[in-house]
Amino acid sequence: MSLSRYELFSRVGRDLFLSGAVTSHGGNLSVRAGDSIFITRRGSMLGRLAEGDLVETSIDECDVDAECSRELVVHRAIYCATGARAIVHAHTTHTIFRSLIEDDIRPIDSESLYVIGASVPVLAPRRTIASPEAAEMLATALQNVSVAVLRSHGPFAIADTLEEAFYRISALEASCRVLDLRDSVGRELR
């Protein structure tokens, strides 16, 4: 059985909320279909998406943009620079913490190394939320990796599907928890 676009957004949004990856009104999701972008509405609650919370806009600026997530400028830039078909942006706590103390996040657990690779860049634009500078930095970084983090704001992951992009966000957050635990014990790991 095939799920509708709304059902896919709803499931991933709910999983993001239930996992603690977003606050009540945080984060955003989008998919690209040709020259259309389907993105969550500005101010929507990912854990409780309604069908009206999914907005269709264009890869180019258009009249409905004001209804879209503020991060539309970032999503557009990423789609134009990469072959991504889906983007998930979250505000994962441990990942944000690591972004405040590191310039790249280097997973040490096997699953994260497999899913997201050996290094995730941390980018530091002057303005992290919905800025053209953040959009340009992410678009460049995501040409080489599947997930990148804006310092103090959170990760953006790209993939062919929302579920796959969520997996990358989830693996990065788990990796950051492991790194935080490693740092808390003050002992050398084996």
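In this text the structure is predicted, and so the values were computed from the model without any measurement. (Residues numbered from 1 in each chain as written. Predicted model: local features only at pLDDT ≥ 70, side-chain atom pairs only at ≥ 80, totals over all residues. Heavy atoms only, no water.)

**Q** How should the packing of helix 1 (residues 5-18) against helix 6 (residues 162-185) be read in this particular structure?
**A** Helix packing geometry: the angle between the two helix axes and the distance between the axes. In contact at an axis separation of 10 Å, helix 1 and helix 6 are set at 10° when each is read in the N-to-C sense. Comparing their axes, helix 6 and helix 1 come out roughly parallel. The crossing of helix 1 and helix 6 is right-handed. Contacts between helix 1 and helix 6 involve Leu8, Phe9, Val12, Asp15 and Leu16 from the first element and Leu162, Glu163 and Phe166 from the second. Counted by class, the contact of helix 1 with helix 6 contains 6 nonpolar, no polar and 2 charged residues. (Axes fitted to C-alpha atoms, helices over the stretch in contact; angles between N-to-C directions. Helix = DSSP H or I, 4+ residues; strand = E, 2+ residues; numbered from the N terminus. Parallel < 35°, antiparallel > 145°, perpendicular 65-115°, else oblique. Left-handed = near helix turned anticlockwise from the far one by under 90°. Contact = heavy atoms within 4.5 Å. Nonpolar A, V, L, I, M, F, W, Y, C, P; charged D, E, K, R; others polar.)

**Q** Looking at this model, I keep getting lost on the side chain of Arg76. Mind explaining?
**A** When you line up the elements, Arg76 lands in helix 2 (residues 72-81). Residue classification places Arg76 among the buried residues on the basis of a relative accessible area of 11%. Reaching out from Arg76, the side chain makes a polar contact with the side chain of Thr57 at a distance of 3.3 Å. Not counting chain neighbours up to four residues away, the residues in contact with Arg76 comprise Ile37, Thr57, Ser58, Ile59, Asp60, Glu61, Cys62 and Asp65. (Buried < 20%, exposed > 50% of the residue type's maximum accessible area, 1.4 Å probe, protein only. Polar contact = N/O pair within 3.5 Å; in protein donor to acceptor, adjacent residues only side chain to side chain.)

**Q** Even after reading the chapter, I still don't get the nonpolar core, so can you show me in this structure?
**A** Proteins that are soluble and globular tend to have nonpolar side chains buried together. Ranked by internal contacts, the top residues of the largest apolar core, which has 31 residues, are Phe9, Leu16, Leu29, Val88, Ile105, Leu162 and Leu172. Counting residues per element, the ones that place at least two in this core are helix 1, strand 1 (28-33), strand 4 (86-89), helix 4 (110-116), strand 6 (120-123), strand 7 (147-150), strand 8 (154-159) and helix 6. Here this core gets 8 residues from one element, more than from any other, and that element is helix 6. Counting residues in hydrophobic clusters, the runner-up holds 21 residues, among them Val74, Ile87, Ala134 and Ile158. (Core = buried A, V, L, I, M, F, W, Y, C linked by side-chain atoms within 4.5 Å.)

**Q** For this particular structure, what's the right way to read the pattern of salt bridges?
**A** Side chains that differ in charge, positive against negative, can pair when their charged atoms come close. Evaluated as defined, the whole model comprises 11 salt bridges. Among the ionic pairs, Glu102 bridges to Arg98, the shortest N-O distance being 2.4 Å. Exposure remark for Arg98: the relative accessible area of 1% places this residue in the buried category. The partner of Asp103 in a salt bridge is Arg151, and the shortest N-O contact between them spans 2.8 Å. Here Asp103 is found in the loop between helix 3 (93-101) and strand 5 (104-105), whereas its partner Arg151 is found in the loop between strand 7 and strand 8, with 48 residues between them in sequence. (Salt bridge = Lys/Arg side-chain N within 4 Å of Asp/Glu carboxyl O.)

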